[in-house]
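What the coordinates show
Okay, here's what each chain looks like letter by letter:
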Amino acid sequence: MKALDYTVLTIILIGAINWGLIGFFDFDLVSSIFGQMTMLTRIIYALVGIGGLYAISYYGRMQTEI
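Bear in mind that the values here come from a model prediction, so they are computed numbers and not experimental data.

Details of a nonpolar patch on the surface
A contiguous nonpolar patch, built from F24, F25, F27, L29, I33, F34, M39, L40, I43 and L47 and spanning about 1000 Å² of accessible area, is present on the exposed surface. At the level of elements, α1 (2-25), α2 (29-34) and α3 (39-55) are the ones that each hand at least two residues to the nonpolar patch. Per-element accounting of the nonpolar patch gives the leading share, 4 residues, to α3. Its place among the elements puts F34 in helix α2. Overall, F34 belongs to the partly exposed group, its relative accessible area being 34%.

Pasting the structure below:
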């Protein structure tokens, strides 16, 4: 389970950095590397979204650790 958590956190960090670049500099790193809405770009965006949904489970697990 830990490997999945680290993978999801890495994907979420990639998404957060990309959104920060968009917000501060109007620069979409993912689109500039992989192309504007190519299949690979859409997959990366989808993985970030799924990772965010999975990260919601961290809240429930934090309650059990306290």
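That was the structure; now back to the text.
Side note on the packing of α1 against α3
For the pair α1 and α3, interaxial distance at closest approach is 9 Å and the crossing angle is 120°. It follows from the interaxial angle that α1 and α3 lie oblique. As for the relative orientation of α1 and α3, their crossing is left-handed in sense. Here L4, D5, V8, I11, I12, G15 and N18 of α1 come into contact with α3, specifically with Y45, L47, V48, G51, G52, Y54 and A55. Along the lines of polarity and charge, the residues of the contact of α1 with α3 split into 9 nonpolar, 4 polar and 1 charged.

A closer look at α1
Compared with an ideal rise of 1.5 Å per residue, which puts 24 residues at 34 Å, α1 spans 34 Å between its outermost C-alpha atoms and is within 8% of the ideal. Of all the residues in α1, the buried ones are D5, V8, G15 and N18. Of the residues flanking the end of α1, it is D26, one or two places downstream, whose phi is positive at about 55°.

Notes on the pattern of salt bridges
Counted according to the given criterion, the structure contains 1 salt bridge. One salt bridge connects R61 with D5, and the closest N-O pair in it is separated by 2.7 Å. Here the residue R61 occupies a position in helix α4 (residues 57-65), and D5 occupies one in helix α1, the gap between them amounting to 56 residues. What makes R61 partly exposed here is its relative accessible area of 25%.

Criteria and thresholds
- Residues numbered from 1 in each chain as written.
- Predicted model: local features only at pLDDT ≥ 70, side-chain atom pairs only at ≥ 80, totals over all residues.
- Heavy atoms only, no water.
- Patch = residues over 30% accessible without salt bridge, like charges linked within 9 Å, V, L, I, M, F, W, Y side chains within 5 Å.
- Areas by Shrake-Rupley, 256 points an atom, 1.4 Å probe, with all protein chains shown as cover.
- Salt bridge = Lys/Arg side-chain N within 4 Å of Asp/Glu carboxyl O.
- Helix = DSSP H or I, 4+ residues; strand = E, 2+ residues; numbered from the N terminus.
- Buried < 20%, exposed > 50% of the residue type's maximum accessible area, 1.4 Å probe, protein only.
- Axes fitted to C-alpha atoms, helices over the stretch in contact; angles between N-to-C directions.
- Parallel < 35°, antiparallel > 145°, perpendicular 65-115°, else oblique.
- Left-handed = near helix turned anticlockwise from the far one by under 90°.
- Contact = heavy atoms within 4.5 Å.
- Nonpolar A, V, L, I, M, F, W, Y, C, P; charged D, E, K, R; others polar.
- Expected span 1.5 Å × (residues − 1).

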